[in-house]
Amino acid sequence: SLEIKRDPGDALQRLYDQSIEAAQTREDRMARLAMLELAKLRLNEPILLASALTPVLLAQAVHALTQQGLVATNILLAADLWKDIVGNSDFHGAFDPITRYEIVLTGRITQVYGATIITDGLRKENQRVLQPGEIFVTAAKENLGVFTDRGGLEATATDGAVVATSNRGWYMQEHFSLTAPNGRAVQYLRRV
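Residues numbered from 1 in each chain as written. Predicted model: local features only at pLDDT ≥ 70, side-chain atom pairs only at ≥ 80, totals over all residues. Heavy atoms only, no water.

Visitor: Give me the lowdown on helix α3 (residues 55-66), citing residues and values where you can.
Guide: For α3, which comprises 12 residues, the first-to-last C-alpha distance of 16 Å matches the rise-based estimate of 16 Å (1.5 Å per residue) to within 8%. All of the buried residues in α3 are Pro55, Leu58, Ala61, Val62, Ala64 and Leu65. Residues of α3 that are buried sit in contact with β1 (47-49), β2 (72-77), α5 (89-94), β3 (111-112), β5 (134-139) and β10 (186-191). (Helix = DSSP H or I, 4+ residues; strand = E, 2+ residues; numbered from the N terminus. Expected span 1.5 Å × (residues − 1). Buried < 20%, exposed > 50% of the residue type's maximum accessible area, 1.4 Å probe, protein only. Contact = heavy atoms within 4.5 Å.)

Here it is, written out as structure tokens:
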């Protein structure tokens, strides 16, 4: 209670926000594990990278979904692989002048081969989900699986005064499920 009064900001709000971030990170980790399990089914043979990621290998991953009659919509890229795209002249040759300008200006691109690049490299370290060297190329969520939220994140303020302590905070719980039944909707790449 004294810490809350000494805090120049809103300590309880900050803790609440951190709890929301932790719950979202946990959901992302469960989704990664579900996709990894799909990749282990070997419906789309995993692609192992012995060196840097190249446009040919990324195109091969996107094509693996096309062969299944699906459209690759997302490329989930580990933070350490970002430098392979930004620093590789082979990738620069595959991009139009506007995309090359975007890379020079921002250090990022949003799409390649029609799929949106998503990286957890811009997150705080404890919120990163992908392991170093990992890439998941996924089809649209309609073809991949379902995430159900059973009522959302429930937050209840707690007050230790009820039990004669000066503690205050939040009790949070969430019920959700994740199902990813289509092994053909994921292509897994990993640097070895």
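That covers the picture; the talk isn't over yet.
Visitor: How would you summarise the pattern of salt bridges if you had to cite specific residues and measurements?
Guide: Per the counting criterion, the structure on display carries three salt bridges. Note that Glu125 is salt-bridged to Arg128, the shortest N-O span being 3.3 Å. On the basis of relative accessibility, which here comes to 27%, the residue Arg128 falls in the partly exposed class. (Salt bridge = Lys/Arg side-chain N within 4 Å of Asp/Glu carboxyl O.)

Visitor: For unusual backbone geometry, give the residues involved together with the corresponding values.
Guide: Of note, Tyr113 is a non-glycine position whose phi angle comes to about 50°, a positive value. Locating Tyr113 in the fold gives a position in the loop between β3 and β4 (115-119).

Visitor: Can you lay out the side chain of Asp120 for me, pointing to particular residues and giving the numbers?
Guide: With respect to the helices and strands, Asp120 occurs in the loop between β4 and β5. No salt bridge is formed by the buried Asp120; the nearest opposite charge belongs to Arg128, separated by 5.2 Å. Here the side chain of Asp120 touches Val129 through a polar contact of 2.6 Å, landing on its backbone nitrogen. The residues contacting Asp120, other than those within four sequence positions of it, are Leu77, Ala78, Ala79, Arg128, Val129 and Leu130. (Lys, Arg positive; Asp, Glu negative; His and termini not counted. Polar contact = N/O pair within 3.5 Å; in protein donor to acceptor, adjacent residues only side chain to side chain.)

Visitor: Can you break down the nonpolar core residue by residue, with the values?
Guide: Judged by nonpolar contacts, the single largest core of 36 residues is most densely connected at Leu53, Ile75, Ile85 and Val137. Counting only elements with at least two residues in this core, the list comes to α2 (11-40), β1, α3, β2, α4 (82-86), β4, β5 and β10. Those residues in contact with Leu53 that lie beyond four places of it in its chain are Leu58, Leu77, Asp84, Ile85, Asn88, Phe91, Ile135 and Leu189. (Core = buried A, V, L, I, M, F, W, Y, C linked by side-chain atoms within 4.5 Å.)

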